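Next come the chains, spelled out residue by residue.
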Amino acid sequence: MIMQLTTTRISPDWPCQVKTPGSYDWERSAAKWLRELVPTRYAGYPVFIRHPVLLARHAHIQVQNEIRVARTALQTARADLPGLGLHEGVIEHTIKLYAAEVMQLQHIARSVRAVTQALVEANRQP
């Protein structure tokens, strides 16, 4: 068996769960990682299983929506949470949680873009 060597430069946002593009079985590791980012029912659709680039597209949409939700929760927390009877310390902790979640989701979005780009490039090669 001949393994294909790659000279692809890996993005700093490349997820550690995904093998290097061009290495053995990297697309399978990419698909496995992407399936973790979408609702379970989507991950099992045959078209997403056969075409990881479509799964990547859906993961991108999913993560972008999660970012919007987290931002909305962050932006409205100070106004909405006191009405729920929550203590100020809980509100402050929740605001910090939402802020951290937005940052984490933005990193995941960059990782999805890097994986998507690599999948597109792999599909273009003969």
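Residues numbered from 1 in each chain as written. Predicted model: local features only at pLDDT ≥ 70, side-chain atom pairs only at ≥ 80, totals over all residues. Heavy atoms only, no water.

Chemist: Kindly report on the packing of helix α4 (residues 52–80) against helix α5 (residues 88–124), identifying the contributing residues and their values.
Modeler: At a minimum axis distance of 8 Å, the contact between α4 and α5 shows a crossing angle of 160°. Relative to α5, the element α4 is oriented roughly antiparallel. Classified by chirality, the crossing of α5 by α4 is left-handed. Here the residues of the contact of α4 with α5 are counted per class, giving 20 nonpolar, 5 polar and 7 charged. (Axes fitted to C-alpha atoms, helices over the stretch in contact; angles between N-to-C directions. Helix = DSSP H or I, 4+ residues; strand = E, 2+ residues; numbered from the N terminus. Parallel < 35°, antiparallel > 145°, perpendicular 65-115°, else oblique. Left-handed = near helix turned anticlockwise from the far one by under 90°. Nonpolar A, V, L, I, M, F, W, Y, C, P; charged D, E, K, R; others polar.)

Chemist: Before we move on, can you summarise the nonpolar core with the specific residues and values?
Modeler: Formed by 26 residues in total, the largest nonpolar core has its most connected members in Leu34, Val112 and Val115. The element best represented in this core is α5, accounting for 9 residues. (Core = buried A, V, L, I, M, F, W, Y, C linked by side-chain atoms within 4.5 Å. Buried < 20%, exposed > 50% of the residue type's maximum accessible area, 1.4 Å probe, protein only.)

Chemist: Break down the packing of helix α1 (residues 26–35) against α4 for me, citing the residues and quoting the values.
Modeler: For the pair α1 and α4, the least separation of the axes is 10 Å and the interaxial angle reads 30°. Compared by their axis directions, α1 and α4 come out roughly parallel. In terms of crossing hand, the pair formed by α1 and α4 is left-handed. In this structure, α1 contributes Ala31, Leu34 and Arg35 to the contact, and α4 contributes Pro52, Leu55, Ala56 and Ala59. Residue classes in the contact of α1 with α4 are distributed as 6 nonpolar, no polar and 1 charged. (Contact = heavy atoms within 4.5 Å.)

Chemist: How would you sum up unusual backbone geometry? Please name residues and give values.
Modeler: For Asp25, which is not glycine, the phi torsion reads 70° and is therefore positive. With respect to the helices and strands, Asp25 occurs in the segment before α1.

Chemist: So what about α4? Which residues, and what values?
Modeler: Its 29 residues give α4 an end-to-end C-alpha distance of 40 Å, which sits within 8% of 42 Å, the value for a rise of 1.5 Å per residue. Its maximal kink placed at Leu74, α4 deviates by approximately 30°. For α4, the complete set of buried residues consists of Pro52, Leu55, Ala56, His58, Ala59, Val63, Ile67, Ala70, Ala73 and Ala77. Buried residues in α4 make contact with α1, α2 (40–43), α3 (46–50) and α5. (Expected span 1.5 Å × (residues − 1). Bend = angle between axes of the 7 residues up to and from the residue.)

Chemist: For the pattern of salt bridges, give the residues involved together with the corresponding values.
Modeler: Counted by the stated rule, this structure contains 4 salt bridges. Where Asp25 meets Arg28, a salt bridge forms, and the shortest distance between an N and an O atom there is 3.0 Å. Looking at Asp25, the relative accessible area reads 28%, which means it is partly exposed. Between Glu88 and Arg78 there is a salt bridge, with its nearest N and O atoms 3.6 Å apart. Remark: Arg78 occurs in helix α4 and Glu88 occurs in helix α5; sequence separation between them is 10 residues. (Salt bridge = Lys/Arg side-chain N within 4 Å of Asp/Glu carboxyl O.)

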